[in-house]
Amino acid sequence: MRDVLDIRSTTNMVHPIWLWIDPTSRCNLACRLCYTKFSHGKLDLEPSQLEETLGRLAASDTLEVKGIHLNWRGEPLMNPRFNELLAITRRLLPDAPLQWHTNGTMLTAKRVKEILAVPYTHKIFVSLDGGNARSHDLNRGQGNFHKTMGGLRRLLDMRGDDRRFATIGVYQIDLNQTEEAYDPEFVELLGRVDDYVKVTPLLPGGAHSNVTEIGDLESDKTLYDRMLQDINPNLPVPGGSCFWAGHTLCLAPDGKVSVCVISHGRAGVVGNLFDETPEAVVDRAVAFRRMLESAGRACVGHCSTCRKPEGDVLPKHKQRGQSKLTEIA
């Protein structure tokens, strides 16, 4: 833990942080496997608040933003001014890789035109479950697969071959379906995207779960209910801190900052970027990490049942005045 605390006081070194900014706490879907649904609400982030907050962060000489997710708990396009938030984020923090995820159902021609008019580089991921309507709609609701496919197609068509600003990817939740079971339209669109990421489902308790099979509809419901419970007794809770604590700032629309992406409730809030300096908030986040490292995860109520793997961003041995950063998510 000393390495993390010393980094900001060491010559020519800064503390690395990763930003998750939530344009809104609202979502237009009610996905069964959503690990953030307990924090959904009715708040939207205002462009003026974001500009002031990121301006202070960009001016800091002790912090360095290594990456930005312009989404967190809600569907970002629920905020009608999302394109303004996108432009502000990239303008004020031009060097950090910027991406955002959408369920694709709100990618109307009007919204796509607004997004593509933002003259700054960013990556758009359209998220999808499984590879066909059956697997996707079981989690996200009847009819949403075809809405998502329509949004992705519209985004690709309107972007065309001009990749100067927006690159497009698919972020697929792997439900262990064979490629032969994928919907033909999904396969076609996969051939047109710039990036393709496939991950196992993340459960509310912080663990990733491998899906063994998708059976009939009734067994599907049982499968999803079991995954939501996240009670596998054979999966131990790690002892130390995860990567996120002390390195990630998750900004809600009201300015509150949570210590990690699956944090819910007041116990995980380490400050408010609307009211405090970013350095003060990071100091508190680092102190939270120090508590995890010294007392163990089991002794910290907010993290005592979390199965996120242990991880650090700093090497165990570093030379004074040099920064050797390795991102471990």
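From a predicted model like this one, the values you see are computed outputs, not experimental measurements.

Caption draft 1: Spotlight on the pairing of strand β2 (residues 63-69). The element β2 is extensively covered by neighbouring structure, given that five of its seven residues are classed as buried. Note: strand β1 (residues 15-21) against β2, six bridges, orientation parallel. Residue pairing in the sheet places Pro-16 in a bridge with Glu-64 of β2. A crossover links β1 with its parallel partner β2, the connecting element being helix α2 (residues 47-59), and its sense is right-handed. As paired strands, β2 and strand β3 (residues 98-102) are joined by two bridges and run parallel to one another. Bridged to His-69 within β3 is Gln-99.

Caption draft 2: Local environment of the layout of surface pockets. The computed volume of the largest pocket comes to approximately 1200 Å³. For the lining of the largest pocket, the secondary structure elements donating two or more residues are β1, β2, β3, β4 (122-129), α5 (133-140) and β5 (166-173). Residue classes in the lining of the largest pocket are distributed as 24 nonpolar, 14 polar and seven charged.

Caption draft 3: Expanded view of helix α9 (residues 278-295). The end-to-end C-alpha distance of α9, which contains 18 residues, comes to 26 Å, matching closely the 26 Å that a straight helix rising 1.5 Å per residue would cover. The set of residues buried in α9 consists of Pro-278, Val-281, Val-282, Ala-285, Val-286, Phe-288, Arg-289 and Leu-292. With its buried residues spanning 150 degrees around the axis, α9 presents them on a single face. The first or second residue beyond α9 is Gly-296, which carries a positive phi of 90 degrees.

Analysis parameters
- Residues numbered from 1 in each chain as written.
- Predicted model: local features only at pLDDT ≥ 70, side-chain atom pairs only at ≥ 80, totals over all residues.
- Heavy atoms only, no water.
- Buried < 20%, exposed > 50% of the residue type's maximum accessible area, 1.4 Å probe, protein only.
- Helix = DSSP H or I, 4+ residues; strand = E, 2+ residues; numbered from the N terminus.
- Pairing = 2+ DSSP bridges.
- Right-handed = clockwise from strand over helix to strand, strands pointing away.
- 1 Å grid on protein atoms, 1.4 Å probe; cavity = no way out; pocket = protein on both sides within 12 Å on 5 of 7 lines; lining within 4 Å.
- Points joined across faces, edges and corners; volume = space filled by probe spheres on them.
- Nonpolar A, V, L, I, M, F, W, Y, C, P; charged D, E, K, R; others polar.
- Expected span 1.5 Å × (residues − 1).
- Arc of directions from axis to C-beta.

In short, geometric facts, not functional conclusions.
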